[in-house]
Amino acid sequence: MKTFKPNMITLALFASGMALSSVAVAQQPAENQQQAEQDVEVIAVSGVRMSILSALDAKRNSDVVGDFVGGGDLGVLPDPSIADALGRIPGVTTVRDSGQSSQLNIRGMNGDFIQTTLNGREQASTSGYTESTRWMAFDQYPAELISEAAVFKSPKASHIEGGVAGLVELKTVNPLHGEKEHNFNASVRASYNDSASDVGADEFGERYTLSYTGKFMDDTLGVALGYSHLNQPNSFTKARAGADSQIGYGPTDAAGNPRAAAFQWQAGTGEDKRDGYMASLVYQPNDSFTAQFDYFKSKFDRKDIRHGITVGGLGNLSTFDLSNTTVEGGVVTGATVSLTDPKTTFDSSPWFEARSEDQSTVSDTDSYGLNLEWKIDDTQTLTFDISRSEGTKTRKDRLVTMHAYDLTYAGDELVAWEEAAGQSFTYVGNGEEIPTASFSGVDFTDLDNMRLSRYEEYPHLYTDKVDAYKFDYKKYVELGPVTSFEVGARFSEREFNSDRGTFLYGARDGQFNGYCADNLSDIECTPHMVDGFVSVESVTGAPDHLVVTDFDGLASSIFGAGNYEGKKVFSRDWTFVESGLLTEKVDAYYLMANLETELGDVLVTGNIGVRYVKTDVKSSGVQNVGAGKGTPITDDVGVTQDNYDYVSYGPEYSDTLPSLNLNFQLTDNDVVRFAAAKVMGRPPVGQLKGGAGSWNDQNSNGETQYNVWTKGSPYLDPFRATQLDLSYEHYFEDGGAVTAALFWKDIESLVEKQFFDPSQTGQAFFDELGVEIPEGQVAGAFETFVNNDKGGYIRGIELAGTMTFDELPGIFSGLGVTASYSYTESETEISGGNLYGQTLPLPGLSENVWSTTAFWDIGNFSSHVNVRYRDEYILNMPIPGSSTPVQAQDYLTMDAQASYAFENGLEVVVSVNNLTDEPNVIAYGQEGVLGEYTEFGRQYYLGLNFKY
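Note that the coordinates shown come from a computational prediction; the quantities given were computed from them, not determined experimentally. Starting from 1, residues in each chain are numbered consecutively following that chain's sequence as written. Per-residue local features are limited, in this predicted model, to residues with pLDDT of at least 70; the limit for side-chain atom pairs, both in listing and counting, is 80 or more; totals at the level of whole chains, interfaces and linings are taken over all residues. Only hydrogens and water are removed before side-chain values are computed, so all heavy atoms of the structure are retained for them.

### Concerning the overall build of the protein
Note on conventions: DSSP H or I runs of at least 4 residues are helices, E runs of at least 2 residues are strands, and numbering of each starts at the N terminus. Scanning the protein from terminus to terminus reveals seven helices and 56 strands. Dimensions along the principal axes, computed over C-alpha positions, put the protein at roughly 100 × 65 × 55 Å. Contact definition: two residues touch when any of their heavy atoms are within 4.5 Å. Expressed as a percentage of contacts within the protein between residues at least 6 apart in sequence, the contacts between residues at least 24 apart total 73%. Shrake-Rupley sampling with a 1.4 Å probe provides the accessible areas, and residues are treated as covered by the protein chains on show and by no other component. Total accessible area on the protein stands at roughly 36,200 Å², and carbon and sulfur atoms take up 52% of it.

The following block contains the structure:
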């Protein structure tokens, strides 16, 4: 039978120990192998070239459609983030958070459609910001501790289900595969952000890594240890046409021209601290038995302090004077806003404030697992794996707003107060960039008149825990085209928990005698002095202003230590409804046949199989069932109500997922791949919640209607799709390749929020969603998330090429380039939400995406420059209590790195991220004007690597 013949680059990689471990090449006859090893001696593969060519080699030998990065050893990935490395794969794009790559989109689909594993084990998420989520924050994983990564675009039956877009597989090192008996790596980087000082942040940072792999007891025991530390600035300058839930250009001027509902000018001054730990212990006493224990931990502490000027309450034109308007393209881009009444209530008129926010987050990931492999004989292998992955995410979400007040004293006693009269605000637009604002009648730095107007906390706690164990059995056979059978089972239980609360004091639109919008404290509502807890800072586009420098100190001085923490209160019943537990129990079974045969002179390999998945979903929370019909519950301020009851409900469903992967080896260097599969992914976690709030009204028959609002329903169907892949790959003898791939997916339905009026509901409607109507009431309106009928195709093409120029003379022989381009289109649609009147494309879909990396390795010198571009795309932007789709504009980013390795194992590295200082630009329903504009600055690194 015809066998695959590896080229010289492949053999060189294997000889250096740097080929990816996730694939294997066929064994060669002894005489061929001996000759190849002689040839390998004259082939030099190092630096970024090594990483790129080893990834190509893994792609060549894969049994599914996929792409790879890495080189099988710790510290070889040439990127600060694993997301940056994956973002160069065809069809994969990154989502930037705080100026760096954090999340991924694959083939036009966002993180809701992506499955992620570490060493083959499903990973808990730490991406929750306003809600629990399945999204992975890839900046949680230090690239220095990840030895390999892959994106599998076509599944096989043995893959864990859930990746409608694709499966991202991360791997840590196997110490028994180390190049030497003992391997030690260390790296130190100093970092500098060139714009951090502009907003008062520390511009310097550092990152360092230590790792060790060793083999003991005659290479039967392997140990791997790794530690990575990051501390770098997290700073930005931002402006947006919105604040809180007031977003976009819904209001109009007297002529009907759209204008902004609010404005914010913000500066971010924070830092990112991440500590990552990796450990692996492998025991292989003989060729028949292997035991491996893996541990991975990462704690990411993001200090996210924001300050600036906020203008809110511009919605109702009758509550203020609007003059000197400038209209461009049918949109108001400049105007003067004058306050007319300082005593309005409940955010009904404009207000001007100096605002400080603490949006700091802490993300903690723990993953560990034990894998036992027993080779029963030459034809049978049995594997058992047990694992746990836990993720925790907390966010402060606290705000302090300061307003200018007219104050009246009787001696030293404050007896009357109201917002300062005569305030006005003028703004001048600057296209999509930061506008300019000026104010009259208010000095945001005046400690005598600027007082605390409102203090708010909305703490978030999201946890995710995955317990799993699985069995896999493989039997080699000689049965025509079937070379082996694989059968297995996986059992898992995943728990998502959300815990919300709030603390509210004061009024966002300003206090006055007798008016305080909220007060959950034990003190009377008055505007408080902030002297001693603030400084004066600047922000681009708006005046200097007071900034809170000690949130806890200020809050303790007013409320007393610890008396301002978030609470669950019935006056804000969302604190109950948005808290709750979601449990998913999954039983999965698969059967797969691995194939190898010939069609004429063409070698055909691959697999065919089926995976059966049974899912049991239960959502636990509280529902408002009506006064006297629930369980007496006491909230955190001592109020007891009996209109809520504890509920736990949800469906069971099953999916049968066939898959086929065929690889046609046309020649030694040409491969055609075809894949077909049914795939599924479970709905977003936050949209599966069982808690519900309600309100009552009367219908035309005088009956009491039970109207319900929820954050979701556990009865949502999963995302289901049918997909096809077809690709062609040509590999060059001296390294490099050109590839082309077509893909097509048919998604059955998507999930979106809808409001159903009483004429659209009924008893059966409520029953279908698992909500019981209280006795004596009838079905009313229902607001929830549902499966829509807006599914459809996603299709596209991916082109990629890698070339090395070994034939060039002298130092130019080290040149190389790798590039990719993808085009994706879809008929799937989502609702336009609050900002768009029309339907919008699938979130995460950019039609045109490309990436190019030029690399140059000369002896011990290695360098590369990467440029990435993606088209505009839709993303779901969080707003208080919900989210709304907005349009992220296209962007182009550039990163560069150069290094020189000395013979003693020392290497000097220089790199820069976001070389062009590319901003994030987001449209809020109107093109060419401010939506959201954010600049992050360039990040420079200078460091040393040491390898022994």
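Now that the structure has been shown, we can carry on.
### Concerning the pattern of salt bridges
A carboxyl oxygen of Asp or Glu within 4 Å of a side-chain nitrogen of Lys or Arg is what we treat as a salt bridge. Throughout the structure, instances matching the rule amount to 52 salt bridges. Note that Arg-795 and Glu-825 form a salt bridge whose closest N and O atoms lie 2.5 Å from each other. Taken together, the residues Arg-795 in strand 44 (residues 792–804) and Glu-825 in strand 45 (residues 815–826) connect sequence positions 30 residues apart. Note on classification: 1.4 Å probe, protein chains only; a residue is buried when its accessible area is under 20% of the maximum for its type, exposed when over 50%, partly exposed between these limits. Overall, Arg-795 belongs to the partly exposed group, its relative accessible area being 35%. The exposure class assigned to Glu-825 is partly exposed, which follows from its relative accessible area of 21%.

### With respect to helix 5 (residues 551–559)
Residues of helix 5 that are buried: Phe-551, Gly-553, Leu-554, Ala-555, Ile-558 and Phe-559. Close packing links the buried residues of helix 5 with strand 14 (289–312), strand 17 (351–358), strand 20 (398–410), strand 24 (450–457), strand 27 (503–506) and strand 30 (542–548). For helix 5, the N-terminal capping position is held by Asp-550, with its side-chain oxygen 3.5 Å away from the main-chain nitrogen of Asp-552. Gly-560 sits one or two residues past helix 5 and shows a positive phi near 95°. Definition of a polar contact: a pair of N or O atoms within 3.5 Å, with one able to donate and the other able to accept a hydrogen when the atoms are protein atoms, and with sequence-neighbouring residues admitted only if both atoms are side-chain atoms.

### What about the pairing of strand 55 (residues 932–935)?
A pair of strands counts as paired when DSSP detects no fewer than two bridges linking them. Pairing of strand 10 (residues 221–240) with strand 55 involves four bridges; the strand directions are antiparallel. Note that in strand 55 the partner of Thr-237 across the bridge is Glu-935. Of the pairings in the sheet, the one linking strand 54 (residues 920–923) to strand 55 comprises three bridges and is antiparallel in character. The residue of strand 55 that forms the bridge with Asn-920 is Thr-934.

### A short note on the state of the cysteines
The disulfide criterion is simple: two cysteine sulfur atoms within 2.5 Å. The tally for this structure, following the rule as stated, stands at one disulfide. Sulfur-sulfur distance for the disulfide between Cys-516 and Cys-525 comes to 1.9 Å.

None of the figures reported here should be taken as evidence of function without further support.
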